[in-house]
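# Examining the three-dimensional arrangement
The lines below spell out each chain.
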Amino acid sequence: MLFRSRGPVRGRGRGRPAEAPRRGRSPPWSPAWICCWALAGCQAAWAGDLPSASSRPLPPCQEKDYHFEYTECDSSGSRWRVAIPNSAVDCSGLPDPVRGKECTFSCASGEYLEMKNQVCSKCGEGTYSLGSGIKFDEWDELPAGFSNIATFMDTVVGPSDSRPDGCNNSSWIPRGNYIESNRDDCTVSLIYAVHLKKSGYVFFEYQYVDNNIFFEFFIQNDQCQEMDTTTDKWVKLTDNGEWGSHSVMLKSGTNILYWRTTGILMGSKAVKPVLVKNITIEGVAYTSECFPCKPGTFSNKPGSFNCQVCPRNTYSEKGAKECIRCKEDSQFSEEGSSECTERPPCTTKDYFQIHTPCDEEGKTQIMYKWIEPKICREDLTDAIRLPPSGEKKDCPPCNPGFYNNGSSSCHPCPPGTFSDGTKDCRPCPAGTEPALGFEYKWWNVLPGNMKTSCFNVGNSKCDGMNGWEVAGDHIQSGAGGSDNDYLILNLHIPGFKPPTSMTGAMGSELGRITFVFETLCSADCVLYFMVDINRKSTNVVESWGGTKEKQAYTHIIFKNATFTFTWAFQRTNQGQDNRRFINDMVKIYSITATNAVDGVASSCRACALGSEQSGSSCVPCPPGHYIEKETNQCKECPPDTYLSIHQVYGKEACIPCGPGSKSNQGKKMALCTNNITDFTVKEIVAGSDDYTNLVGAFVCQSTIIPSESKGFRAALSSQSIILADTFLGVTVETTLQNINIKEDMFPVPPSQIPDVHFFYKSSTTTTSCINGRSTAVKMRCNPTKSGAGVISVPSKCPAGTCDGCTFYFLWESAEACPLCTEHDFHEIEGACKRGFQETLYVWNEPKWCIKGISLPEKKLATCETVDFWLKVGAGVGAFTAVLLVALTCYFWKKNQKLEYKYSKLVMTTNSKECELPAADSCAIMEGEDNEEEVVYSNKQSLLGKLKSLATKEKEDHFESVQLKTSRSPNI
């Protein structure tokens, strides 16, 4: 009888699902195995039925020659236990199939199913079992069953195949104790498929600290349909150094698990990857064996469901029951080590120096300490020894706003007083108020509102260490436990509030934080500056890689909230077995925060006094008012000027408005949100002021991922960047305050109407934009673009900027056209009908104006009709025609009479005796041509006849006869 069977749980290293085949052979349900089994059965039957002398009987099967597995579950939920011969084993007499445990049966944690007797037994020492679960906690390589799929997000710039290298090299990377996501802008999915016999869950730990990468976890069934349990598939951000956990319930059947990340590259910055470890899946079938503890761990009790990590300076091999100690004088090991390492000779990289607090004499001692845990040896050749400690130096003075009352510590000045740190606190003079804030430039002890820590995503060697150490005139990064530690420095400020005198001048700026720093690196070190608002989430504001010269950076505060500023320094992002870059460091020389709540004052600033009584407390000036120097009273700035945000004292604080602009009290800005952390906008709808990811500016930039891209349920946007928060002016010129719009940047306008340019700037500076960002908006008249119109960017700069600092936009709209005037239309006169004439007014085509004056109404005026004069003209024409016909007939008749008289006269003349002498001969001789012709010219023209008729001459008329002779003209 032939049975199909499924294998027991055999995971890679830590656990393997029951459905996974044993390594090194085909799964028992594969067609090749079934065919081989059937063929072996047929051969055995043939040999039994037809014995021959050459056939040899197979040896009986021993227990070592086969193993047991369960068949597939039938519709009733039952199955059979069958014996499966091991590979390369030929034997006979396998045990008969027996009815197995029900399909939903599984052993408890720490136990395994002993298949021979089908009972649960405890795991022995050095092994562990999850019962009905599997666990993946070894990431030296990608475990069996996991796969990577990488794609590139299509954008308006071009499809994925336009990318030079595509995403072929992008994947999740195993890092030993965890697996790390991609760092580029590809979309990479880590996929694992599992078949559950009963409902269960999936659990994993993760670190997700960068909101410029999208991290989602969802589940699909075998039809590639998302399960209902993945409605909230977006994983929440975690704080730096903390491991979060995420779990989702699983249904019985096939579950395909997806860990998917998509990076959004902002300039040249690389995103911080997502880290995942300890993936546990519960709900698989039985576990038929226990799994040995991985190297560096041990299990000293039977029935263990996990293995313990070996402590420092010990090690273990695979399946260890206990850890073995290293030779303390010559070897060491980290936690979870599989072997011991020889201690190297001590170098300057193995110790560091600190400054002790000031004593009563105002002295501080320089102390040298070994980096803990100490792994080097001082007794080896070329090893250095620890320098002597105790050298005394003068303590630095107190920081501004603090004073020394004769003790060894500095104390903040009382409210209403100020100090530069070297003198006692003094009250502010009349007409002034303290400029509150924090200015740290002397580093003898860590200030009370600052703390330092160290963490590593892969180990806990630096837990409890100081990440930063004070060093007199600066504070520098500490040693840490390894080169890839994150060395953290935090500054906590409860809020920001402008001083009374600056209330009407600050605008949207409430304060700013400035720090001066430098980095000294020989590897790929990175300094991160991060901001946390109201303890919601920490966002990376700026980062610097490699060695950087001494420089200052300023971050502007736009809302009153609780802020935590974080500086995180990492020497390298690659794990190192030994310390190579311990001398790489960052130094911060000063940190200054202005307008800080609960701050101290290092100076006083002038303020406006109440007008009723002299010497009263400071009062805020209304917006647009400066403080007059003579009277300390509030005075309004002149028209078309605005108040500086950095100065309110004196009339010079009023700055003229830019071209084409005037002063006003309102400020219209756009609101940009970052919905990566929480892409529900319910807080905005509710009007909450605690929405941390909201910025106000004239122009702001976010990277948007549409909802239909890569299966996202909602459109996502990255952290908003302020491009313009100050209006400079508007003009038809292409240059204003060093902002230039090149002629070839946008297409030539089709009309002669000049484009109008709006210029803005942002005071927020970055490493690449030391003067801040600026924006130019070209407004162009386009009557076909109604309403808001269309905004476009230069074709040469698809992102709107070519250098990342200056942004250009073309805004085409009918609203940009000039107002209509009387020169933009013309009149059309109609025909005169019944004594009235209409005049219509129409716009010139094409119309290049909007609003302004309206078209005049049609005009109706009286006129003389054309019919009367038409009749008069027709009558005159008819009379003239009749007269001409009559005259023609008259003269024709006269002409006939004259011709008659002429003919009669000629006849009478020829009959008289006084005829002319006849010619000698009139006959024509034979052969002679008649060359003489008589031409009568008695027909006169009509004009001649009329002339002769008019003169009525009585003279005789003679005929003129021209004779044509054949004689030669020479005769």
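Residues numbered from 1 in each chain as written. Predicted model: local features only at pLDDT ≥ 70, side-chain atom pairs only at ≥ 80, totals over all residues. Heavy atoms only, no water.

The criterion, for reference: UniProt positions are given in the numbering used here, feature names are shortened, and annotations may be inferred rather than shown by experiment.
For the chain, the name recorded in an unreviewed UniProt entry is Endosome-lysosome associated apoptosis and autophagy regulator family member 2, with Macaca nemestrina as its organism. Among the UniProt annotations of the chain, the heading Subcellular location (unreviewed entry) holds the following wording: "Cell membrane". As its UniProt record puts it under Sequence similarities (unreviewed entry), the chain is described as follows: "Belongs to the ELAPOR family."

## What to know about the overall build of the chain
Stated formally: Secondary structure elements are defined from DSSP: runs of H or I of at least 4 residues count as helices, runs of E of at least 2 residues count as strands, and each element is numbered from the N terminus. Between buried and exposed lies partly exposed: a residue is buried under 20% and exposed over 50% of the maximum accessible area for its type, with that area taken using a 1.4 Å probe on protein chains only. For every accessible area listed, the method is Shrake-Rupley and the probe measures 1.4 Å; residues are considered covered only by the protein chains on display.
Summing up its helical and strand segments, the chain has 4 helices and 67 strands in all. By residue count, 41% of the 971 residues in the chain fall in the buried class. Surface accessibility of the chain: about 53900 Å² in total, with carbon and sulfur atoms responsible for 53%.

## Describing the sheet that holds strand β39 (residues 538–545)
Heads up, the rule is: For two strands to be treated as a pair, DSSP must find at least two bridges joining them. The angle between two axes is taken between their N-to-C directions and runs from 0 to 180 degrees, where each axis is a line fitted to C-alpha atoms and a helix contributes only its stretch in contact.
Pairing within the open sheet is antiparallel, and its 5 strands lie in the order β33-β36-β41-β38-β39. Looking at strand neighbours, the two that pair on one side only are β33 (450–455) and β39, the edges of this open sheet. Taking the axes of each pair of neighbouring strands and ignoring which way they run, one obtains an average angle of 20° across the sheet. Pairing between strand β38 (residues 526–533) and strand β41 (residues 563–570): 8 bridges, direction antiparallel.

## Brief notes about the state of the cysteines
Threshold: When the sulfur atoms of two cysteines come within 2.5 Å, that pair is taken as a disulfide.
Taken as a whole, this structure holds 15 disulfides when the rule is applied. Across the disulfide, C413 is cross-linked to C425 (sulfur-sulfur distance 1.9 Å). Between C413 and C425 the sulfur-sulfur dihedral comes to about -80°; the bridge is accordingly left-handed. On the criterion of sequence distance, the pair formed by C413 in the loop between β29 (411–412) and β30 (417–418) and C425 in the loop between β30 and β31 (426–427) is long-range, its members being 12 residues apart. Taking the relative accessible area as the measure of exposure, C413 reaches 9% and is therefore buried. Across the disulfide from C637 sits C654; the S-S distance is 1.9 Å. Measuring handedness by torsion sign, the sulfur bridge of C637 and C654 sits at about -75° and is left-handed. Of this pair, C637 sits in the loop between β47 (634–636) and β48 (641–643) while C654 sits in strand β49 (residues 654–656), and the two are 17 residues apart along the sequence. Residue C637 is classed as buried on the basis of its relative accessible area of 9%.

## Some thoughts on the nonpolar core
Selection rule: The nonpolar core is taken to be a set of buried Ala, Val, Leu, Ile, Met, Phe, Trp, Tyr and Cys residues, with the residues joined through side-chain atoms within 4.5 Å. Contact definition: two residues touch when any of their heavy atoms are within 4.5 Å.
Ranked by internal contacts, the top residues of the largest apolar core, which has 41 residues, are W468, L491, F529, F565, W567 and I591. Setting aside residues up to four positions removed in sequence, I591 forms contacts with F438, E439, Y440, W443, M450, L491, I513, T514, F515 and W567. By size, the runner-up hydrophobic cluster in this structure holds 34 residues, among which are W139, C167, M227 and W259.

## Thoughts on the confidence of the model for the chain
Counted only if it meets this: In predicted models, pLDDT denotes the confidence assigned by the predictor to each residue on a 0 to 100 scale.
Mean pLDDT over the chain: 76, with 76% of residues reaching 70 or higher. In the model, residues 155–164 has pLDDT below 50 throughout and makes 7 contacts with residues more than four positions away in sequence or in other chains. Contacts from residues 708–714, a stretch scored under 50 in pLDDT, to residues over four places away or in other chains number 23 contacts.

## Concerning the pattern of salt bridges
Quick note on the threshold: A side-chain nitrogen of Lys or Arg and a carboxyl oxygen of Asp or Glu constitute a salt bridge if their distance falls within 4 Å.
Under the counting rule described, the total for this entry stands at 14 salt bridges. Residues E378 and R385 are paired through a salt bridge, measuring 4.0 Å at the closest nitrogen-oxygen approach. Through salt bridges with shared partners, a single network forms among R175, E180 and R183.

## Focus: the sheet that holds strand β12 (residues 186–196)
In any sheet, the strands associate via hydrogen bonds between backbone groups, in a parallel or an antiparallel arrangement. The sheet built from 4 strands is open, its strands ordered β9-β12-β16-β14 with antiparallel pairing. At either margin of the open sheet sits one strand with a lone partner, and together these are β9 (146–152) and β14 (213–220). Direction aside, the axes of adjacent strands within the sheet are offset by 20° on average. By the bridge criterion, 8 bridges tie β14 to strand β16 (residues 253–263) in an arrangement that is antiparallel. The residue of β16 that forms the bridge with F214 is T262.

## Remarks on a positive patch on the surface
For clarity, the cut-off: Excluding any residue in a salt bridge, patches collect residues exceeding 30% relative accessible area, merging like charges within 9 Å and nonpolar Val, Leu, Ile, Met, Phe, Trp and Tyr side chains within 5 Å. For the charge count, each Lys or Arg is scored as positive and each Asp or Glu as negative, with His and the chain ends excluded. For this purpose, a charge sits on NZ of Lys, CZ of Arg, CG of Asp or CD of Glu.
A cluster of basic residues, K893, K894, K897 and K901, forms a positive patch at the surface. Here K901 falls in the exposed class, since its relative accessible area comes to 58%.

## Let's talk about the side chain of S482
This is how it is decided: N or O atoms closer than or at 3.5 Å make up a polar contact, with two conditions inside protein: a donor-capable atom paired with an acceptor-capable one, and, for residues adjacent in sequence, both atoms drawn from side chains.
Tracing the backbone shows S482 in the loop between β35 (475–477) and β36 (486–493). S482 gets classed as buried once you look at its relative accessible area, which sits at 2%. For S482, the side chain forms a polar contact with the side chain of N484, separated by 2.9 Å.

## Considering the pairing of strand β3 (residues 80–85)
Relative to β3, strand β2 (residues 66–71) runs antiparallel, the two being bridged by 5 bridges. Directly across from F68, in β3, lies its bridge partner A83. Note that β3 and strand β4 (residues 98–99) share 2 bridges and pair antiparallel. Paired with R81 across the strands is V98, a residue of β4.

## Brief notes about the side chain of Q331
Positionally, Q331 belongs in strand β23 (residues 331–332). A relative accessible area of 16% places Q331 in the buried class. Those residues in contact with Q331 that sit more than four places away from it in its chain are N313, C326, C340, T341, E342 and R343.

## Re unusual backbone geometry
Cis geometry is found at the peptide bond from E845 to P846, where omega equals -5°. Along the polypeptide, P846 turns up in the loop between β64 (836–843) and β65 (859–862). In this structure, D382 is a non-glycine residue whose phi angle is positive, near 70°. Within the secondary structure, D382 is located in the loop between β26 (363–370) and β27 (391–394). Non-glycine residue N738 carries a positive phi angle of around 70°. A relative accessible area of 82% places N738 in the exposed class.

## Here's the deal with a nonpolar patch on the surface
A surface patch of nonpolar side chains, amounting to about 410 Å² of accessible area, comprises F879, L883, L884 and L887. With respect to the helices and strands, the residue L884 is situated in helix α3 (residues 867–910). Judged by its relative accessible area of 52%, L884 is exposed.

## Concerning the packing of aromatic side chains
How we decide: Any two rings among Phe, Tyr and Trp, with Trp reduced to its six-membered ring, count as a pair given centres within 6.5 Å; such a pair is stacked if its planes are under 30 degrees apart, edge-to-face if over 60, and tilted if neither. For a Lys NZ or an Arg CZ to count as sitting over a ring, it must be within 6 Å of the ring centre and within 35 degrees of the ring normal.
A complete count under the given rule lists 39 aromatic pairs for this structure. Chaining the aromatic ring pairs together yields one cluster made of F136, W139, F146, W172, Y192, F204, Y206, Y208, F215, F217 and W259. Note that K101 overlies the ring of F105, its terminal NZ or CZ placed 5.1 Å from the centroid. Between K847 and the ring centre of W843, over which it is positioned, the NZ or CZ distance is 4.4 Å.

## A look at the environment of L723
Topologically, L723 is positioned in strand β55 (residues 721–724). Apart from the residues lying within four places of it in its own chain, the contact partners of L723 are V699, C700, Q701, K761, S762, R773, S774, T775 and F807.

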